[in-house]
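If you want the building blocks of each chain, they are given just below.
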Amino acid sequence: MEQTRPPEEFVSSHPSTPRERSWRTAAAVLAVVLLLVVAAGLWAHWRPLSDDDAARLAARATAESVRAQLHPGSSASSAQAGSAKPSDGSLLTSAVLDRQLDELGPPATPTQTRHMTERGEESPAVESLSDAAGRLADAADGVHDADLAASLAAVAASWWAADASSPSSGAASPSTAGSESSGAADGGATTGEVTGRGSPSASATPAGPVGCEPEQLAAVTAVDRAQFVAEAAQARISTGNAARTDVDATVARLHDTLEDGRAAGLLGCDPGPVAAWYDLPEGFTTDPARATGAAEREASEAVVRAVATSTAGQRSWWLGVLQDTAHGAQRLDPQKPVAALPGRG
C-alpha cells in the first residue's frame, strides 16, 4: 500500500504559537499569584498594629476577663478573682457575654498578640464590672473609628447597668471624672448621684453647629424626656417612699446634664432637639419610678448612638451621661433584663 505524507510545508517540529503563548501566560499568572501570597503573608506578620486595633483587642481581652472572673456560673472563676467582688455578674447571662464578644470582633492572632505585648497592652485582672466598663469607656473615648466607639460604649453601658444593682455602685469608679450631684438627698447612697466621667461645667465650650448631627439631637431630646418623666414621677411619689430618693437624685442629675455647656450648644441647633411636650411611658400610673427607669434606658440607648458621631471633647462627656443613665435605668427598673448592646440593636 502506498504511503503518503503531507507536504513539507505542513510539518513543524515546534508547538503551535497560540498554545505556547497560553502556557507562558499561565506560568506568569501563577508566578504573580505566588508572589502576592508571599507578600500578604509577610505583611500580615510584620505590619504594625493600629491604635484602633489595639483598643479593640484590649477591650475583647477585658470582656474575656469579665466572663472568666465575674460570670456567676463558675465558682472556680470567683475563686480566681481573689479579692475582686463582682457587683452583680448574674445579670450578665452567657448569651449576653457571647453577643458582646462577637461585637468586639475576632480574638487576636499570634502576630497581633506579639504586637500587643510589644506595645505593653497586657490587661490587668478585672476588679469589678465598674472597673471593666471604665476601661471600655476610656478606649471608646480615644478610638478614631466611630462604629468601634459605639460598640465599646454599648458594652460599657451594659456592664454599668449590671453593676447598678450593687450596694456600692453609687461610688464613682477610678475613671470617673465627675463628682456627686448637688441634688443628692442621702449623702451618696444611690447611683443616680454620680455625675459620671464629664462633670457639668457652665464654662464648657458649647457644641456649636458642628454638633448638630441627628444622633446628637436625638440624645439630648431623650435625656430631656427622661427628666420630664422623672419630674412627673417626683410629683406622684410621696416623700417617705423608698424610690423617692432615687427619683429625686435622677431629677437633679438630668437637670445638671441639660444645663451643661455642651448640651446648651446642642439646644441652640436649628431645628432644636427638644420637643415641646412628651408622652409618659406605659405603666407610669402603676409604677412611676420604674417608668422613669424605662425613660432613662431609652436615653442611654440614644446616647450610645450619639457617641459614634461626637466630636473631640464631646465624647468623654457623652460617656459620662451614658454611665449615669445606664446606672439610673437599672436602679429604677431592676426587673428589666440587662441588654447586651443597648443602642446597637
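What counts, and where the lines are drawn
Residues numbered from 1 in each chain as written. Predicted model: local features only at pLDDT ≥ 70, side-chain atom pairs only at ≥ 80, totals over all residues. Heavy atoms only, no water. Helix = DSSP H or I, 4+ residues; strand = E, 2+ residues; numbered from the N terminus. Buried < 20%, exposed > 50% of the residue type's maximum accessible area, 1.4 Å probe, protein only. Contact = heavy atoms within 4.5 Å. Areas by Shrake-Rupley, 256 points an atom, 1.4 Å probe, with all protein chains shown as cover. Arc of directions from axis to C-beta. Disulfide = S-S within 2.5 Å. Salt bridge = Lys/Arg side-chain N within 4 Å of Asp/Glu carboxyl O. Phe/Tyr/Trp six-rings, centres within 6.5 Å; stacked < 30°, edge-to-face > 60°. Core = buried A, V, L, I, M, F, W, Y, C linked by side-chain atoms within 4.5 Å. Polar contact = N/O pair within 3.5 Å; in protein donor to acceptor, adjacent residues only side chain to side chain.

A. How the structure looks around the overall build of the chain. A count of helical and extended segments in the chain gives 12 helices and 0 strands. Each helix and strand of the chain, ordered N terminal to C terminal, gives the series α-α-α-α-α-α-α-α-α-α-α-α. Here the chain holds 345 residues, and 46% of them are scored as buried. Long-range contacts, defined as pairs at least 24 residues apart, comprise 78% of the intrachain contacts of the chain with a sequence gap of at least 6. Roughly 17200 Å² of accessible area belongs to the chain as shown, and the carbon and sulfur atoms make up 56% of that amount.

B. A look at helix 4 (residues 94–103). Inspection of helix 4 places Val96, Leu97, Gln100 and Leu101 among the buried residues, and these make up the whole buried set. Viewed along the axis of helix 4, the buried residues span an arc of 130°, placing them on a single side of the element. Projecting away from the buried face of helix 4 at angles above 90 degrees are the exposed residues Ala95 and Asp102. Residues of helix 4 that are buried make contact with helix 2 (51–70) and helix 7 (146–163). Once helix 4 finishes, Gly105 follows within two positions and takes phi at roughly 85°, a positive value.

C. Up close: the state of the cysteines. Within this structure, the stated rule accounts for 1 disulfide. One disulfide in the model links Cys212 with Cys269; its S-S distance is 1.9 Å. Across the disulfide from Cys212 to Cys269, rotation about the S-S bond amounts to roughly -90°, and the bridge is consequently left-handed. One end of the pair, Cys212, is in the loop between helix 7 and helix 8 (214–236); the other, Cys269, is in the loop between helix 10 (261–267) and helix 11 (288–309), with 57 residues separating them in the sequence. The exposure class of Cys212 is partly exposed, given its relative accessible area of 29%. With relative accessibility at 7%, the residue Cys269 sits in the buried group.

D. Spotlight on the pattern of salt bridges. For the coordinates displayed, the defined rule picks out 12 salt bridges. Bridged by salt links that share partners, the residues Arg99, Glu103, Asp147 and Arg344 form one connected network.

E. Spatial organisation of the packing of aromatic side chains. The final tally for this structure, using the stated rule, is 2 aromatic pairs. Seen from their ring centres, Phe228 and Tyr278 are 5.7 Å apart, and the 50° between their planes marks the pair as tilted. With a gap of 50 residues between them, Phe228 in helix 8 and Tyr278 in the loop between helix 10 and helix 11 connect regions that are remote in the sequence. The exposure class of Tyr278 is buried, given its relative accessible area of 13%. When the centroid spacing of 4.8 Å and the interplanar angle of 50° are considered together, the rings of Trp317 and Trp318 count as tilted. Both residues of the pair, Trp317 and Trp318, count as buried.

F. Looking closely at unusual backbone geometry. Going from Asp270 to Pro271, the amide bond is cis rather than trans, its omega being 0°. As for its position among the elements, Pro271 is in the loop between helix 10 and helix 11.

G. A look at the nonpolar core. In terms of nonpolar packing, the biggest core is built from 69 residues, with Val66, Leu92, Leu152, Trp159, Trp318 and Leu322 touching the most fellow members. For this core, the leading source of residues is helix 7, giving 12 residues. If we skip the residues at most four places from it in the chain, Leu322 touches Ala153, Ala157, Trp160, Ser300, Val303 and Val304.

H. Just the side chain of Ser300, in detail. Position of Ser300 relative to the elements: it lies in helix 11. A polar side-chain atom of Ser300 sits 2.7 Å from the main-chain carbonyl oxygen of Arg297. Setting aside chain neighbours within four positions, we find Ser300 in contact with Leu322, Thr325 and Ala326.

I. Layout of the side chain of Asp248. With respect to the helices and strands, Asp248 occurs in helix 9 (residues 242–259). Side chain to side chain, Asp248 and Gln234 meet in a polar contact 2.8 Å long.

J. Representation of the environment of Ala291 in the model. Following the sequence through the fold, Ala291 ends up in helix 11. Taking the C-alpha atoms as reference, Ala291 lies 9.2 Å from Ala329; in sequence the two are 38 residues apart. Beyond its immediate stretch of four places on either side in the chain, Ala291 contacts Val229, Pro281 and Phe284.

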